[in-house]
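# Structural overview
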Amino acid sequence: MGKLAILHNNIDKTRNYVLRRENVLGRLPECNICFDDQRVSRHHARIAAVPGTDHYYIEDISARGTYVNFRRIRARHPLKEADRICVLTFHNVHPVELV
């Protein structure tokens, strides 16, 4: 079953993304989860499926940091349903099962 990422910018927008096997979060238009914020790195984080499974992990590829459940990650971090991924302090991504 696929996964859905719900993006909240903590101001006024909520966007939904169906996660691919490989996903890049960043500010470049080529990122499939794109942030319009100059403080976000061009390629900020990567969410990818664990090969051969339907589980995902996140990896920080930025200099400014990525947080899961308010804790900074420093290596690949497994994701669970309803984990809160924060890029800076204004953007939250919540991976959930597609219904």
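Predicted model, so just to flag it, every value in this text is computed and none were measured.

Counting buried residues along strand E5 (residues 45-49), five of its five residues qualify, which places the element largely inside the surrounding structure. Covered by surrounding structure in E5 are Ala45, Ile47 and Ala49 together with Arg46 and Ala48, the residues of both alternating faces. When strand E3 (residues 22-26) meets E5, the two strands line up antiparallel, connected through four bridges. Residue Asn23 lies in a different strand from E5, and its bridge partner there is Ile47. In this sheet, strand E6 (residues 56-60) lies alongside E5 in antiparallel orientation, the contact comprising five bridges. From the neighbouring strand, Ala48 faces E6, where its bridge partner is Tyr57. Following E5, the chain reverses through six residues before pairing antiparallel with E6; Gly52 in that reversal takes a positive phi of roughly 80°.

Another aspect to go through is the nonpolar core. Formed by 17 residues in total, the largest nonpolar core has its most connected members in Leu25, Ile33, Ile47, Ile58 and Leu79. Where this core is concerned, the elements lending two or more residues are E5, E6 and strand E10 (85-87). It is E5 that contributes the most residues to this core, three residues altogether.

This part takes up the side chain of Thr66. Checked against the element boundaries, Thr66 lands in strand E7 (residues 66-68). Judged by relative accessible area, Thr66 falls into the buried class, the value being 0%. In terms of polar contacts, Thr66 uses its side chain to reach the side chain of Asp60, at 2.9 Å. In contact with Thr66, not counting residues within four places along its chain, are His44, Ala45, Ile58, Asp60, Arg71, Arg72, Ile73, Ile85 and Cys86.

This part takes up the pattern of salt bridges. This model, assessed by the stated rule, comprises five salt bridges. Here Arg39 ties to Asp37 by a salt bridge, and the two come within 2.7 Å at their closest N and O atoms. Taking the shortest distance from any N to any O, the salt bridge between Lys80 and Asp83 comes out at 3.6 Å. Among the residues examined, Asp83 registers a relative accessible area of 4% and is labelled buried. Taken together, the salt bridges that share partners define one network made up of Glu22, Arg46, Glu59 and Arg76.

Thresholds, definitions, all that
Here, residues in each chain are numbered from 1, in the same order as that chain's written sequence. The predicted origin of the model limits local features to residues at a pLDDT of at least 70 and limits the giving and counting of side-chain atom pairs to 80 or more, whereas totals for whole chains, interfaces and linings rest on all residues. For side-chain calculations, the full set of non-hydrogen atoms in the structure is used, while hydrogens and water are omitted. Remark: exposure states derive from per-residue accessible area (1.4 Å probe, protein chains only) relative to the maximum for the residue type, with buried under 20%, exposed over 50%, and partly exposed in between. Numbered from the N terminus, helices here are DSSP runs of H or I no shorter than four residues, and strands are runs of E no shorter than two. The rule for pairing is simple: two strands pair if DSSP sees at least two bridges between them. Take the buried Ala, Val, Leu, Ile, Met, Phe, Trp, Tyr and Cys residues and link them wherever side-chain atoms come within 4.5 Å; each set so joined is a nonpolar core. Polar contact criterion, stated in full: a pair of N or O atoms within 3.5 Å, where within protein one must be able to donate a hydrogen and the other to accept it, and residues adjacent in sequence count only if both atoms are side-chain atoms. Contacts: residue pairs with any heavy atoms within 4.5 Å of one another. Every case where a carboxyl oxygen of Asp or Glu lies within 4 Å of a side-chain nitrogen of Lys or Arg is listed as a salt bridge.

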